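Remarks on the overall topology
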Amino acid sequence: MHRSYFSNTPPGNFLIWDIVRVAVGRCWVAGSRCGERAEMTRDLQCRIRHSAPHRWLGAAILVLLLAAPPMARSAQAGALETATVMAPLDMRFNDQARNDFRRQLETAKAIGIRAVAVDVWWGVVAANGDNQWDWSYYDSLFDDVERAGLHIVPVMSFHKCGGNVGDTCNIPIPSWIWGEYTSEQPGRSQFDLMYKSEQDNFNGETVAIWKDDWVVPKYQRFMQEFQAHFVAKKAIIDEISIGTGPAGELRYPSYNSHDSGSGWPNRGFFQAYSDPARADFRAWVLAKYGNLAGVNRAWSTSLKSADEIGPPDDGTAADGRASTFVQLDDFRGIPYGKDFIDWYNGALVEHGRRMLETAHESFGGAFATILLGIKIPGVHWQMAATASHPRIAEIAAGQIRTSVDYTGGTSGHGYGATIAMVHRFHNVRAVNLHFTALEMDNCEDTHTCQIDASQAKALVFWVAQAADADQVTIKGENALAGGVTSDHGWDNIENAFKWASYNGLTVLRIGEVTDNPIGRTRYQRLIAQ
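In this text the structure is predicted, and so the values were computed from the model without any measurement.

Before going further, it helps to examine the overall build of the protein chain. Along the protein chain, the regular secondary structure elements total 20 helices and 10 strands. A burial count over the protein chain gives 58% of its 529 residues as buried. Relative to all contacts within the protein chain whose residues are 6 or more apart in sequence, the contacts with residues 24 or more apart total 77%.

Structure (structure tokens):
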């Protein structure tokens, strides 16, 4: 893709200035909450140690932080309305794990936990063929939960189990989908259903969003069958969470194992290189500008054919085809780059809307009053000013767009489009937004802070502030199971509930609460507050 070069203004230390605004009570939403001053001061000190040119600025900000009065708390803050734990991913062939789970359920009930989140795997129930269902595992599992006096949060899991952090399973999505797709029309390729990355690798963990027209009706039948089969469990189903991508999250598989060097703490790779993705981007661009001439005017390009409209392709497959696009900050510095990222994020947001709409239609009748849920990930690395391209990991995962000021609160720090979509859907049906990484720090490991540039705690508060501003109910999770086996992780979780608008917690995973003394004591204490 031809590039036009413009003067690029670097984002600078946007997080520092956000903290200043918080310290002097000028948050972007009146009355919004930020972390405790002691926590924020420690986070800031960590950043200053790794940014020598800004030591003078850091000293001035510390004075402001220490002198500022305590922030007013939200009326919503501090209220743990729902206390949930996640069940193990798969216990079908492990009698010992199943017996342990039954024991853990009794402990969870004694602690005060209300519900258990259970992945209902499409790849288990529909493994034998389209419109062939086997609910036997979930019949037994749900009975166990009910006998323990607990409620259920079923998670409609349309992705593969295996390949993500903490996965101890191998449940692919139903294998029949590939052949069914290719047999419907000559010339189709099963790769059309997959994400294709900058490295020319394909990912089949979930069906790519550009084939929603083909696959969403299958999701709908699955959800309709779930309702019909489990209608007798309605009274103990608190929420139905809708999987929308890898690990059930509304994101692209930008940091998954199919790409080399894509995971933490790297930038991640864009996943928009399949033929259906290219066609969708091309159609979006032409619709925005009317015709090729309009595109050339907007981008200062001289494209000869609409076929030249495509994702960034200035690098090699080995380095990532968008490597130059990223290196030159074109993703935020030129019109083409902003358009590409707007489309990339917008396509994902639209997928989330379609999935919620389909779930709403599927869960009518008996389940019409049950809340829906949707999850976005805490992509917390490559965020701080020490990163070479701050926020790039979130951008590659499709979380934020760059045509807005994604460094500030007016755009929800870039998350505004996703949260606005959930807000609009509230007019149809109540939806809980779930967000991860509540147990994490900014600069969690000071020795690697310059490498991963993590700002997890800041991100936890940014997303909560954006949700609060749009009156979206937000609930939290820990990103890693080990995060709830230490007092420090629980301190961060309690800090989020004390100062932000989170009103529910889902802990990954039940054993880290019931079988770990710190997890058990701290969750019980939080529930009792």
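That shown, we press on.
Taken over all residues, the pLDDT of the protein chain has a mean of 87, while the share at 70 or more is 83%. pLDDT under 50 marks residues 1–75. Its contacts with residues more than four places away, or in other chains, come to 142 contacts.

So, about unusual backbone geometry. A cis geometry characterises the amide bond from W264 onward to P265, with omega recorded as 5 degrees. Mapping P265 onto the fold places it in the loop between β6 (239–242) and α9 (275–289). A cis amide bond links L508 with the next residue in sequence, R509, at an omega value of 10 degrees. Residue placement: R509 occurs in the loop between β10 (504–507) and α19 (510–514). Its identity is not glycine, yet N131 carries a phi of approximately 65 degrees, on the positive side. Among the structural elements, N131 can be located in the loop between α5 (122–125) and α6 (136–147). Unusually for a residue other than glycine, A247 sits at a positive phi of about 60 degrees. Looking at the secondary structure, you find A247 in the loop between β6 and α9.

As enumerated under the stated definition, the model contains 43 aromatic pairs in all. Geometrically, the ring pair formed by W122 and Y219 is edge-to-face, given 5.2 Å between the ring centres and 80 degrees between the ring planes. Residue W122 is located in helix α5, and its partner Y219 is located in helix α8 (residues 212–229); the two are separated by 97 residues in the primary sequence. Residue class for Y219 comes out buried when judged on its relative accessible area of 2%. Ring geometry for F226 against F363: centres 6.3 Å apart, planes inclined by 80 degrees, an arrangement best described as edge-to-face. Within this pair, whereas F226 is found in helix α8, its partner F363 is found in the loop between α13 (335–362) and β7 (371–376), the two being separated by 137 residues in sequence. Given the relative accessible area of 0%, F226 is considered buried. Here the guanidinium or amino end of K218 rests over the ring plane of W214, the centre of that ring lying 4.7 Å away.

With that out of the way, let us pick up the nonpolar core. Y138 and F270 are the most contacted members of the largest nonpolar core, which has 135 residues in total. No other element matches α13, which puts 11 residues into this core. Once you skip the residues sitting within four places of it in the chain, Y138 turns out to touch V118, D119, V120, W121, V124, V125 and F230. Of all hydrophobic cores here, the second largest spans six residues; its members include M86, A115, A117 and L508.

So, on to empty space enclosed by the protein. Scanning the model with the defined rule gives four cavities of 30 Å³ or more in all. Quantified by volume, the second largest cavity comes out at close to 60 Å³. Tallied by class, the residues present in the lining of the second largest cavity amount to six nonpolar, five polar and no charged.

Packing of helix α18 (residues 487–499) against helix α20 (residues 517–528) brings their axes to within 10 Å, and their N-to-C directions diverge by 15 degrees. With respect to each other, α18 and α20 are oriented roughly parallel. By crossing handedness, the relation of α18 to α20 is classed as right-handed. Residues D487, W490, D491, I493, E494 and F497 of α18 lie in contact with α20, whose contacting residues are I518, G519, R522, Y523, R525 and L526.

Of all six residues in β7, five are buried; the element is thus mostly enclosed. In this sheet, β7 lies alongside β6 in parallel orientation, the contact comprising three bridges. When the sheet's bridge partners are listed, I240 is paired in β7 with L372. In the sheet, β7 pairs with strand β8 (residues 431–435) via five bridges, with the strands oriented parallel. In the strand pairing of β8, G373 is matched with N432.

Our next topic: the environment of A464. With respect to the secondary-structure elements, A464 resides in helix α17 (residues 456–469). A464 sits 10 residues away from I474 along the chain, and the two C-alpha atoms are 6.8 Å apart. Apart from the residues lying within four places of it in its own chain, the contact partners of A464 are I474, A500, S501 and Y502.

Now for the pairing of β6. Every second residue of β6 is oriented toward a common face, with E239 and S241 on one face and I240 and I242 on the other, all of them buried. Sheet topology places strand β3 (residues 151–157) next to β6; two bridges connect them, and they run parallel. The residue of β6 that forms the bridge with V155 is S241.

Next up on the list: the environment of R522. Tracing the backbone shows R522 in helix α20. Taking C-alpha positions, R522 is 10.0 Å from I111, a pair spaced 411 residues apart along the chain. A distance of 2.8 Å separates a polar atom in the side chain of R522 from a polar atom in the side chain of D491.

Each value, and the rule that gives it
Residues numbered from 1 in each chain as written. Predicted model: local features only at pLDDT ≥ 70, side-chain atom pairs only at ≥ 80, totals over all residues. Heavy atoms only, no water. Helix = DSSP H or I, 4+ residues; strand = E, 2+ residues; numbered from the N terminus. Buried < 20%, exposed > 50% of the residue type's maximum accessible area, 1.4 Å probe, protein only. Contact = heavy atoms within 4.5 Å. pLDDT = per-residue confidence, 0-100. Phe/Tyr/Trp six-rings, centres within 6.5 Å; stacked < 30°, edge-to-face > 60°. Lys NZ or Arg CZ within 6 Å of the ring centre and 35° of its normal. Core = buried A, V, L, I, M, F, W, Y, C linked by side-chain atoms within 4.5 Å. 1 Å grid on protein atoms, 1.4 Å probe; cavity = no way out; pocket = protein on both sides within 12 Å on 5 of 7 lines; lining within 4 Å. Points joined across faces, edges and corners; volume = space filled by probe spheres on them. Nonpolar A, V, L, I, M, F, W, Y, C, P; charged D, E, K, R; others polar. Axes fitted to C-alpha atoms, helices over the stretch in contact; angles between N-to-C directions. Parallel < 35°, antiparallel > 145°, perpendicular 65-115°, else oblique. Left-handed = near helix turned anticlockwise from the far one by under 90°. Pairing = 2+ DSSP bridges. Polar contact = N/O pair within 3.5 Å; in protein donor to acceptor, adjacent residues only side chain to side chain.

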